[in-house]
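Spelled out, the chains give:
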Amino acid sequence: MTRPEVTVKIPAELHLFVPADRRAASSTLTTDGSSSLGHVVESLGIPLTEVGGLAVDGRDVPPGHVPASGEVVEVRAVSRPQAVPGAPLRFLLDVHLGTLARRLRLLGVDAAYESEDIGDAALAARSAKERRVLLSRDRGLLRRRELWAGGYVYSDQPEEQLQDVLSRFAPALAPWTRCVACNGPLADADKESVRDRLADGTSKTYDVFAECADCGRVYWRGAHHTRLATMVDQVMRDYGERRRYIAD
């Protein structure tokens, strides 16, 4: 039995996932005649989390479509901002994205993070159970079937990672409202109620405090606040107005 041959078109945004010989305007691919188009795309190295749509001969098809010989398959990249079903938008980051998790939390984004490697299966299961978008640079992890939703983080630099996530998912931003250590909500705290957790110098110098409702960590505008505030202000200029425009 002759195995079907299809023509595959892959956009430049997804070229990093595929071998060099698949990066032309189009290439020919031989399939087994029974695998779904989603499986075929993943066999090329592209996680379906990075696919914004599939088309065959110009018509949209689901990942379950089984390609036939002679079909022209177009793989589309995700659009930005990417719509994610369900609300509110929440994230789960793997063990390698701790800095990104802390920066998202600083901006008030719900970003769960595992500081220890709990394994791909457990991460995918948590994504599904809590309906969180799993962020990772591990392509294999993003191909787990039990994932609720996911996104590949394209850079290994924290600043670029943050820009990538904010531009792709456009989460609502509420700076200074989450604990960067545990992701819990922050609330204003009376100085007397947290005094026993402050060093003498801190107690004498500062009067405005916030406390994490989950872990009890206390925050104040210390030596690093100016640097962090500069970063937050820049992000809000770049993405805060954009998020409100999208919501409207």
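Shown above is the structure to which this text applies.
Peer 1: Could you give an account of the pairing of strand β3 (residues 51-56), with specific residues and numbers?
Peer 2: The buried count for β3 comes to five of six residues, which makes it a mostly enclosed element. Bridge count for β3 against strand β5 (residues 72-77) is five bridges, and the pairing is antiparallel. Opposite V51, over in β5, you have A77 as the bridge partner. Sheet topology places β3 next to strand β4 (residues 59-61); three bridges connect them, and they run antiparallel. Considered in β4, the bridge of V56 is made with R59. Hairpin connection from β3 to β4: two residues lie between these consecutive antiparallel strands, with D57 at a positive phi of about 50°.

Peer 1: Quick rundown of the packing of aromatic side chains? Include the residues and the values.
Peer 2: Taken as a whole, this structure holds four aromatic pairs when the rule is applied. A ring pair is formed by F17 and Y152, whose centres lie 5.1 Å apart and whose planes are at 70°; its orientation type is edge-to-face. Remark: Y152 occurs in strand β9 (residues 149-152) and F17 occurs in the loop between β1 (5-9) and β2 (27-30); sequence separation between them is 135 residues. Comparing F17 with Y152 shows no difference in burial state: the two are buried. Note on F17 and Y154: the rings are 5.8 Å apart at their centroids and 70° apart in plane angle, and the pair reads as edge-to-face. Of this pair, F17 sits in the loop between β1 and β2 while Y154 sits in the loop between β9 and α4 (158-169), and the two are 137 residues apart along the sequence. Given a relative accessible area of 4%, F17 falls into the buried group. Clustering of aromatic rings is evident, with ring pairs tying together F17, Y152 and Y154.

Peer 1: Mind laying out the side chain of D94, listing which residues take part and the relevant values?
Peer 2: Mapped onto the fold, D94 is located in the loop between β6 (91-93) and α2 (98-106). Among buried charged residues, D94 stands out as having no salt bridge; its nearest opposite-charge side chain is R137, 8.1 Å away. Filtering out sequence-adjacent residues up to four positions away, D94 remains in contact with Y113, E114, L123, L135, S136, R137, D138 and L141.

Peer 1: Quick one: what's the story with the nonpolar core, residue by residue and with numbers?
Peer 2: Of all hydrophobic cores here, the largest spans 29 residues; its most connected members are F91, L93, L100, L104, L107, L135 and L166. When residues of this core are traced back to their parent elements, those giving at least two are β6, α2, β8 (133-136), α4, β11 (209-212) and α7 (225-247). Residue contacts for L93: discarding those within four places in its chain leaves L100, A101, L104, A111, A112, Y113, E114 and L135. Counting 27 residues, the second largest nonpolar core, distinct from the first, contains L29, L123, A124 and Y152.

Peer 1: Account for the sheet that holds strand β7 (residues 111-113), with residues named and values stated.
Peer 2: Two modes of strand pairing occur in sheets, parallel and antiparallel, and in both the strands are linked by backbone hydrogen bonds. Strand order in the open sheet formed by four strands is β7-β6-β8-β9, and the pairing between neighbours is parallel. What marks the edges here is a single partner per strand, and that holds for β7 and β9. The mean angle between the axes of side-by-side strands here comes to 25°, regardless of whether they run parallel or antiparallel. Relative to β7, β6 runs parallel, the two sharing three bridges. What sits directly across from F91, in β7, is A111. Lying over the sheet, α2 contacts β6, β7 and β8, oriented at roughly 150° with respect to β7. Helix-sheet contacts for α4 involve β6, β8 and β9, and the interaxial angle to β9 is about 135°.

Peer 1: Can you lay out the environment of P175 for me, pointing to particular residues and giving the numbers?
Peer 2: With respect to the element layout, P175 can be found in the loop between α4 and β10 (186-189). Along the primary structure P175 and D190 are separated by 15 residues, whereas in three dimensions their C-alpha atoms are 20 Å apart.

Peer 1: I'd love a proper account of the environment of R144, names of residues and values included.
Peer 2: Along the chain, R144 falls in the loop between β8 and β9. Along the backbone, R144 and P81 are 63 residues apart, and their C-alpha atoms lie at a distance of 23 Å. In terms of polar contacts, R144 uses its side chain to reach the side chain of E146, at 3.0 Å.

Peer 1: Go over the packing of α2 against α4 with me, naming the residues and quoting the values.
Peer 2: Packing of α2 against α4 leaves a shortest axis separation of 9 Å and a crossing angle of 55°. In terms of orientation, α2 and α4 fall into the oblique class. Handedness of the α2/α4 crossing: right-handed. Between α2 and α4, the residues in contact are T99, L100, R103 and L104 and P158, E159, Q161, L162, V165 and L166, respectively.

Conventions used here
- Residues numbered from 1 in each chain as written.
- Predicted model: local features only at pLDDT ≥ 70, side-chain atom pairs only at ≥ 80, totals over all residues.
- Heavy atoms only, no water.
- Buried < 20%, exposed > 50% of the residue type's maximum accessible area, 1.4 Å probe, protein only.
- Helix = DSSP H or I, 4+ residues; strand = E, 2+ residues; numbered from the N terminus.
- Pairing = 2+ DSSP bridges.
- Phe/Tyr/Trp six-rings, centres within 6.5 Å; stacked < 30°, edge-to-face > 60°.
- Lys, Arg positive; Asp, Glu negative; His and termini not counted.
- Salt bridge = Lys/Arg side-chain N within 4 Å of Asp/Glu carboxyl O.
- Contact = heavy atoms within 4.5 Å.
- Core = buried A, V, L, I, M, F, W, Y, C linked by side-chain atoms within 4.5 Å.
- Axes fitted to C-alpha atoms, helices over the stretch in contact; angles between N-to-C directions.
- Polar contact = N/O pair within 3.5 Å; in protein donor to acceptor, adjacent residues only side chain to side chain.
- Parallel < 35°, antiparallel > 145°, perpendicular 65-115°, else oblique.
- Left-handed = near helix turned anticlockwise from the far one by under 90°.

The quantities given are spatial measurements derived from coordinates; they are silent on function.
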